[in-house]
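Chains, contacts and geometry: an overview
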Amino acid sequence: MTTFETARSPDMLEHRPEARAFKIEDLMLEIRRGRLRIPSFQRRLAWDREDARKLVDSLYLGYPVGTLLLWETAAPADQMQWGGLRLQAEARPDALLVVDGQQRLVSLARILLTTDDDDDDFALYFDLDRKTFVLPPSPGNLDDDPARWLPLNRLLDSEQLFEWLYEREPSRERRERALQLGKRLREYDIPAYIVRNGSESILREIFGRLNSMGKQLKAAEVFDALNGMRIGKNPSSLADMVLALAQSLEFGHIEEDILYRLLRVLHGLDVVSGGNAEPLRLSHHLASELYTQTEQIARQVVRFIRRDAGIPHYNLLPYKQPLVTLGKFFSYHPQPKPRSRELLARWLWRGALNGDHLGNAVSTRAALNRIDPIDEELSVQCMLEMVGNEQPRLPTSTEPFNFRFAASKLQALALLELQPRDLETGELIDMGGLLDYRQAGQEPPFVPLLKGSYAEGALALSVANRMAHPVRPGLRRTLLQVTDDATLASHGISQEAFAALQGGDSVRFLNLRATALQLHFERVFARHARWDATDRPSLASLVVSDDEEDT
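Okay, so let's go over this structure. What you see is a predicted model; the values in this text were computed from it and never measured. (Residues numbered from 1 in each chain as written. Predicted model: local features only at pLDDT ≥ 70, side-chain atom pairs only at ≥ 80, totals over all residues. Heavy atoms only, no water.)

1. A short note on the overall build of the protein
Let me state the cut-off plainly: Elements are defined by DSSP. Helices are runs of H or I of four residues or more, strands are runs of E of two residues or more, and each kind is numbered from the N terminus. Here the term buried applies to any residue with accessible area under 20% of the maximum for its type, exposed to any over 50%, and partly exposed to those in between, with areas from a 1.4 Å probe on protein chains only. Whether two residues are in contact is decided by their heavy atoms: any pair within 4.5 Å suffices. Working definition of accessibility: Shrake-Rupley area with a 1.4 Å probe, residue cover restricted to the visible protein chains.
Helix and strand content of the protein: 23 helices and 12 strands. Counting the 551 residues in the protein, one finds 49% classified as buried. Taking as baseline every contact in the protein between residues at least 6 positions apart, the subset at least 24 positions apart corresponds to 73%. With the model as given, the accessible surface of the protein reaches about 26900 Å², and the carbon-plus-sulfur share is 48%.

2. Some points on the sheet that holds strand β3 (residues 68–75)
Inclusion rule: Any two strands between which DSSP finds at least two bridges are classified as paired.
Within the open sheet, the five strands sit side by side as β1-β10-β3-β6-β2. Their pairing is mixed. Each of the sheet's edge strands pairs with one partner strand only, and the pair in question is β1 (18–23) and β2 (36–37). Where β3 meets strand β6 (residues 92–100), six bridges bridge the pair, whose relative direction is antiparallel. Residue Leu 70 lies in a different strand from β6, and its bridge partner there is Val 98.

3. Brief notes about the nonpolar core
Operational definition: Take the buried residues of types Ala, Val, Leu, Ile, Met, Phe, Trp, Tyr and Cys, join any two whose side-chain atoms come within 4.5 Å, and each joined set is a nonpolar core.
Leu 238, Ile 254, Ile 305, Ile 311, Leu 316, Phe 446 and Phe 525 are the most contacted members of the largest nonpolar core, which has 76 residues in total. Examining the composition of this core, we find that nine residues originate from one element, helix α11 (residues 284–307), more than from any other. Setting aside chain neighbours within four positions, we find Phe 446 in contact with Leu 316, Phe 401, Phe 403, Ala 412, Leu 415, Leu 416, Leu 435, Arg 466, Met 467 and Ala 468. Core analysis: the second largest hydrophobic core is formed by 48 residues, Met 80, Ile 111, Leu 156 and Leu 185 among them.

4. A closer look at the side chain of Arg 174
Within the fold, Arg 174 resides in helix α6 (residues 172–186). Apart from the residues lying within four places of it in its own chain, the contact partners of Arg 174 are Leu 128, Asp 129, Asp 145, Ala 147 and Arg 148.

5. A few points about helix α14 (residues 361–369)
Put simply, the rule is: Working note: the arc is built from the helix axis to C-beta atom directions.
Regarding α14, the residues found buried are Ser 363, Thr 364, Ala 367 and Leu 368. Along the long axis of α14, the arc covered by the buried residues comes to 135°, so they all point the same way. Those residues of α14 that are exposed and angled more than 90 degrees off the buried face are Val 362 and Asn 369. Tucked inside the fold, the buried residues of α14 contact α10 (256–266), α12 (322–332) and α15 (376–387).

6. A closer look at the environment of Asp 51
Relative to the helices and strands, Asp 51 is located in helix α2 (residues 49–61). Taking the relative accessible area as the measure of exposure, Asp 51 reaches 28% and is therefore partly exposed. Between the alpha carbons of Asp 51 and Ser 107 there is a distance of 8.5 Å; along the sequence they are 56 residues apart.

7. Quick word on the packing of aromatic side chains
This is how the line gets drawn: Working definition: rings of Phe, Tyr and Trp (its six-membered ring) pair if their centres are within 6.5 Å, and the pair is stacked with planes under 30 degrees apart, edge-to-face with planes over 60 apart, and tilted otherwise. Geometrically, a lysine NZ or arginine CZ counts as sitting over a ring once it is within 6 Å of the ring centre and also within 35 degrees of the ring normal.
For the coordinates displayed, the defined rule picks out 10 aromatic pairs. Ring centres of Phe 251 and Tyr 314 lie 6.3 Å apart, and the angle between their planes is 70°; on these two criteria the pair is classed as edge-to-face. Taken together, the positions of Phe 251 in the loop between α9 (238–249) and α10 and Tyr 314 in the loop between α11 and α12 put the pair 63 residues apart, joining distant regions of the chain. This pair shows no difference in class: Phe 251 is buried, exactly as Tyr 314 is. Feature note: the residues Phe 401, Phe 403, Tyr 437 and Phe 446 constitute an aromatic cluster, connected by ring pairs. Between the NZ or CZ atom of Arg 20 and the centre of the ring of Phe 22, over which it lies, the distance is 4.0 Å. In this structure, Lys 409 packs its charged tip against the face of Phe 403, placed 4.0 Å from the ring centre.

8. As for the pattern of salt bridges
Condition: Throughout this description, the term salt bridge denotes a Lys or Arg side-chain nitrogen within 4 Å of a carboxyl oxygen of Asp or Glu.
With the rule as written, the count across this model stands at 29 salt bridges. A salt bridge links Glu 176 to Arg 172; the nearest nitrogen and oxygen atoms lie 3.3 Å apart. Residue Glu 176 and its partner Arg 172 are both found in helix α6; the two are separated by four residues, about one turn of the helix. Taking relative accessible area as the criterion, Glu 176 reaches 45% and is therefore assigned partly exposed. Through salt bridges with shared partners, one network takes in Glu 30, Arg 35, Glu 72, Arg 92 and Asp 94.

9. Considering the environment of Gln 88
Our working rule: Polar contact is the term for a pair of N or O atoms within 3.5 Å; when the atoms are in protein, one must be able to donate a hydrogen and the other to accept it, and sequence-neighboring residues count only if both atoms are side-chain atoms.
As for its position among the elements, Gln 88 is in strand β5 (residues 85–89). It is 6.7 Å that separates the C-alpha atoms of Gln 88 and Gly 34, two residues lying 54 residues apart in sequence. Filtering out sequence-adjacent residues up to four positions away, Gln 88 remains in contact with Asp 78 and Gln 79. Engagement of the side chain of Gln 88 in a polar contact is seen with the backbone oxygen of Asp 78, the distance being 3.4 Å. Within the local environment of Gln 88, its side chain forms a polar contact with the side chain of Gln 79, the two groups lying 3.1 Å apart.

10. Some thoughts on the pairing of strand β4 (residues 78–82)
Across five bridges, β4 lies against β5 in antiparallel orientation. Counterpart to Gln 79 in the pairing with β5 is Gln 88. Connecting β4 to the next strand, β5, in antiparallel fashion are two residues, including Gly 83 with a positive phi near 60°.

11. Some points on the sheet that holds strand β8 (residues 132–134)
Here is the rule: Here an axis means a line fitted to C-alpha atoms, over the contact stretch when the element is a helix, while the angle between two N-to-C directions is reported on a 0 to 180 degree scale.
One open sheet accounts for three strands, arranged β8-β7-β9; its pairing is antiparallel. Each having just a single partner strand, β8 and β9 (149–151) make up the two edges of the open sheet. Looking at each pair of strands side by side, their axes are set apart by 35° on average, direction ignored. As judged from the three bridges shared by strand β7 (residues 125–127) and β9, these two strands associate in the antiparallel manner. Looking at the pairing, Asp 127 lines up with Trp 149 of β9.

Function-wise, these values are silent; they only describe arrangement.
This is the structure:
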C-alpha cells in the first residue's frame, strides 16, 4: 500500500471577482442560450423536489437564497440534461460556469424551463387558493377545477402565463395572485460573484473551501470536485468507478462514500475525515494513481465477496464497512491462500450476524489496525478474534421484515439460496437486475405475498409473507395456480403450507412457512459462519523448520 504526498499550496486570484445581481428570468435565459453551464466537477444533483419546492417558496416570500459564484471562461459545445430538461450549448468564449449554486440553478431550470407541465420529477404547481407550492395535482382535481392549479413552467414567459389565464378564465383574485407570482419569481435578484482570468485549479480550490464551510456536499463529492480528471482517463472520478464496477462485475452500484473511505485508507489516512478537516487535495498525477488503485482493490474485494462469501449483490450486504477493511487486507495481500479466503468469508458472515461490522469509526479503525502488512495469516487470525466465534441471537422468521436493516438482508440472502423460481414460468429468477431497484426507481424485490384481508396476524409483517420475486399484481392468485413442487420449494413453501393457502387459511400458511424458513435460515447461517469449526491457519503456517526450532 502506497502513501501519496499532497499537492502544493493554492495560487492567488489575480483580480477580485465582480459582484452583481441576476434576475431569475435572465439566469434562465442564459441557461437556455447555453452560456450558463455546470462544469465537470459540479455535475451531480443532490437536491430532491422538496428542496426545490422550498427554494421557490423562499423566492416567492422574498427570502434570501444565497449567492452564486460563476467563472467566466471559454467552453466547448456541450449537451446538458437534467431530468426531463435537455439543452444544447454551442462553443463560446464567454461561458459562465457555476462554481457554487448548481443545486439552486438546476432546480429552477427543471421547474421553469420544461415544455410540458408534468414532464419532470421536479414539476411543481401553485395552488392559487391556498397560495402554496404543491406537487402536480391528480387528473381528477385538475379536471374539477383547472383554474386553481398553475404550473410553474408557465411563469417565466409572460405570454405563456397570459395564455394560461385566457384558457382557464380564473377569478379576479386567482388572476391577480398568478400575475403577482410570475412577477416575483421572474424579477427576483440573486447576488453573484463572477471570477475572470482564473485557472481551473483556483476555481476547484474555491469550490473546496466553500463546501468545507457548510453541509453542502459529501466528502466523496468534494474529493471528486477537487481531484477528478478531465482528460478522459478512467477512472477519472468516484462516480466513474461506481459505474465501471457495476457494469463489469454485476455487483450493483457501490456507494461513492464507501469507495472514498477505501481511497482514504489506501492513501494512508484515517478512514473518515474530521468534521473540520480541510478537503483532501492531490496533484493530478497522484490523484490518477489513487483512483486507479482504489478501483483495482475494489474489484478484488467484490470478487471475493461474490465467490468466497456467496453474497451476490451490494444491496444484500448487511453492512458496507467490511468493503473498506477487506480493501486494506487485499492491498497488502493481493493473492491470499485458500485457507485465508475461507476464514475471511467466516469473518464476513460472523460480523454480519453478530453486528460487529456495524461500521462506526471506532470499530472500523480497530478492524483496520488488526491487518498486518507482512503476515497474511496473522492478519486473518486477528480479524477473526475481533468478531469472535460464539453464535449470537440470529434473525428469526417471525420478526418484522424491513430490507433497510441488516437482519432482513441476512434473511434475504437465505431466501436467495433457495434459488427462487418464477411463479408463472418455473424458470430460475435472475435477481441481479431486480436488486438494482434503486437505479430503476423501484422497491426491493422481496415483495409481500398476502395483502389486505388475506394478510392476517403478526406474521403478515414478517419474512414469512415475503417472496424473492419480481413485483407483479395478483401474486397470491398466481401462486395458487402453481402445480410444480420445485417452484413451491424454491420459495420455502411446503405442500402442507400450500394446501392451507388453497383452503383459505392464510394464518396457518404463514405459520407453516415461518417454521420452514426458520430451519432453512439456521442451516444457511451455520454453514457460512461455521461457529463450531476450528479457525486455525493453514497447516503450512504451523510447520516449524529445524532452523527455527534451534533459534
